[in-house]
Amino acid sequence: MSFKIIILGSGRGSNAKAILEAEAKGQLGQVSTVAILSDKENAPILDLAQQFGKHAQCIPCNPKKARLHPDETTAFLEAIQTHKPDLVVLAGFMKIIDSHFIQSLDGKIINLHPSLLPSFPGINSIESAFNFPVKVTGCTVHWVIPEIDAGTIIDQKAVTIEANDTLESLTEKVHAAEHHLLPEVIRRLSTGEIPYQN
Ligand code: GAR
């Protein structure tokens, strides 16, 4: 029995790559990525999906709006529900989704965020932590609720900010932590080691 996931992303897709590589190496057990969806037509994450032989689909969205329009939500939900996934993973998906989106998926949706929530929610979180400056930051995987970056925390990985770190070196460290954390959380959800909250 496979544990089907769909990844949503808007950009580079390095976290999707970490998931797909772990899956290809057999490190994720029953986890099977069935599709990668993006709101951006030329997002590298869509090329990546194709490289790994996964279904890739763009749902064109208004780039000027932070929130998905109800029609865009409907299009995403249709694309997602065709595959009947066990879990939807937001990995660098930069659109804000509404409660209808979340409820339609029975709350089976998680998000990756590049800080130790509840510190530094929103955008530019790595830069904000670096400039604050805090001594420890990291990344968080949490359940998605309508409030941004506020759902129940599933797991976190800390990253120490050293005196000689630059924003670039810190960004690399946070991304490296994400690439370990997210696939591992997905694996643990698939085995029931982490329970669903609903
Ligand atoms: C990741 O750092 C992720 O935490 C962040 O976007 C990046 C996507 O990188 N997500 C957010 O900021 C969501 N608010 P990727 O496209 O290389 O996986």
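Residues numbered from 1 in each chain as written. Predicted model: local features only at pLDDT ≥ 70, side-chain atom pairs only at ≥ 80, totals over all residues. Heavy atoms only, no water.

Peer 1: An account of the environment of E168 is needed here, citing residue identities and associated values.
Peer 2: By secondary structure assignment, the location of E168 is in helix α6 (residues 167–191). Overall, the relative accessible area of 55% leaves E168 in the exposed class. Sequence separation between E168 and E127 is 41 residues, and the spatial gap between their C-alpha atoms is 9.3 Å. (Helix = DSSP H or I, 4+ residues; strand = E, 2+ residues; numbered from the N terminus. Buried < 20%, exposed > 50% of the residue type's maximum accessible area, 1.4 Å probe, protein only.)

Peer 1: I'd like to hear about the environment of L90, residue by residue, with values.
Peer 2: If you trace the backbone, L90 turns up in strand β4 (residues 87–90). According to the relative accessible area criterion, L90 is buried, its value standing at 5%.

Peer 1: Kindly report on α6, identifying the contributing residues and their values.
Peer 2: The first and last C-alpha atoms of α6 sit 36 Å apart over 25 residues, in line with the 36 Å expected at 1.5 Å per residue. Just downstream of α6, G192 is the residue with a positive phi angle, here 85°. (Expected span 1.5 Å × (residues − 1).)

Peer 1: Before we move on, could you go through the side chain of N111 and cite the residues and values that matter?
Peer 2: Topologically, N111 is positioned in strand β5 (residues 109–113). Separated by 3.5 Å, the side chains of N111 and D149 make a polar contact. Among all residues touching N111, those that are not within four sequence positions of it are L90, T140, V141, H142, V144 and D149. (Polar contact = N/O pair within 3.5 Å; in protein donor to acceptor, adjacent residues only side chain to side chain. Contact = heavy atoms within 4.5 Å.)

Peer 1: Before we move on, can you summarise the site of the ligand with the specific residues and values?
Peer 2: As a matter of local geometry, the ligand sits amid R12, G13, S14, N15, G92, M94, L112, H113, P114, H175 and E178. One of the side-chain N or O atoms of S14 is found 2.6 Å from an oxygen atom in the ligand. In the model, an oxygen atom of the ligand is placed 2.4 Å from a nitrogen or oxygen of the E178 side chain. For the ligand, whose accessible area on its own is 450 Å², the fraction buried by protein is 87%. Across the shell around the ligand, the residue classes tally to three nonpolar, six polar and two charged. (Near = heavy atom within 4 Å. Areas by Shrake-Rupley, 256 points an atom, 1.4 Å probe, with all protein chains shown as cover. Nonpolar A, V, L, I, M, F, W, Y, C, P; charged D, E, K, R; others polar.)

Remember, this is a structural readout, not a statement about activity or role.
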